[in-house]
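Analysis of the macromolecular model
What follows is the residue order along each chain.
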Amino acid sequence: MQNPFGNNNNNNQNPFDLNNLPLPPNYAKIVNDQGQIRIAKVGISWTTLWFGPLPALFRGDYYNFFLMIVLDLDYALVVLFFGLNWLMQFPWTSIVFALLYNMMYFKHSFKLGYRPADQRSRELLERFHYLKK
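A brief report on the enclosed structure follows.

Thresholds, definitions, all that
Residues numbered from 1 in each chain as written. Predicted model: local features only at pLDDT ≥ 70, side-chain atom pairs only at ≥ 80, totals over all residues. Heavy atoms only, no water. Helix = DSSP H or I, 4+ residues; strand = E, 2+ residues; numbered from the N terminus. Expected span 1.5 Å × (residues − 1). Bend = angle between axes of the 7 residues up to and from the residue. Buried < 20%, exposed > 50% of the residue type's maximum accessible area, 1.4 Å probe, protein only. Pairing = 2+ DSSP bridges. Contact = heavy atoms within 4.5 Å. Axes fitted to C-alpha atoms, helices over the stretch in contact; angles between N-to-C directions. Core = buried A, V, L, I, M, F, W, Y, C linked by side-chain atoms within 4.5 Å.

**Some thoughts on helix H4 (residues 92–111)**
With 20 residues, H4 ought to run about 28 Å at 1.5 Å a step, and its terminal C-alpha atoms sit 28 Å apart, in line with that. Of all the bends in H4, the greatest, near 45 degrees, is centred on Leu 100. Those residues of H4 that sit buried are Thr 93, Phe 97, Ala 98, Tyr 101, Asn 102, Met 104, Tyr 105, Phe 106, His 108, Ser 109 and Phe 110. Once H4 finishes, Gly 113 follows within two positions and takes phi at roughly 105 degrees, a positive value.

Structure below.
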């Protein structure tokens, strides 16, 4: 497979080997003890900004999916209870979750036994403070 990202790992002998998968510079690979690999973006989650909790559902991240649903409902209930309907006109919760969701995803995955798959992913996760040094 030809690498479109220019990080010089075109020497893939097995087309089904994911260790040499070319990734954009802001994506990290994590792996667990069973060899399951997850690949996700580090930084702002634009899909969460536009689609709310659905990206968490599609990733199989049910913990964060239900957390986002509950917090969205809590926000709506508080706004409606205090009669601050003007706060509902701007998507505050979507912006907060867009900034935090990828970090929430990685930190929850680390609690489930995942770890960085390679040194580049480890450095990227440490640089964005998703993983402690």
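**Considering the sheet that holds strand S1 (residues 27–31)**
In spatial order, the strands read S2-S1-S3; together these three strands make up an open sheet with antiparallel pairing. Only two strands of the sheet have a single partner each, and these edge strands are strand S2 (37–41) and strand S3 (115–116). Bridging between S1 and S3 involves two bridges; their strand directions are antiparallel. Within S3, the residue paired with Ile 30 across the bridge is Pro 116. Packing against the sheet, H4 makes contact with S1, S2 and S3, and its axis sits at approximately 160 degrees to S2. Strands in contact with helix H5 (residues 119–127) are S1 and S3; relative to S1, the strand with the most contacts, it is inclined by about 115 degrees.

**So, the nonpolar core**
Membership of the largest hydrophobic core comes to 18 residues, with the highest contact counts inside it found for Ala 28, Ile 30, Val 42, Phe 106, Phe 110 and Leu 125. In terms of residues, this core owes the most to one element, H4, which gives six residues. Beyond its immediate stretch of four places on either side in the chain, Val 42 contacts Asn 26, Ala 28, Phe 106, Leu 124, Leu 125, Phe 128 and Tyr 130.

The values are spatial; any link to function lies outside them.
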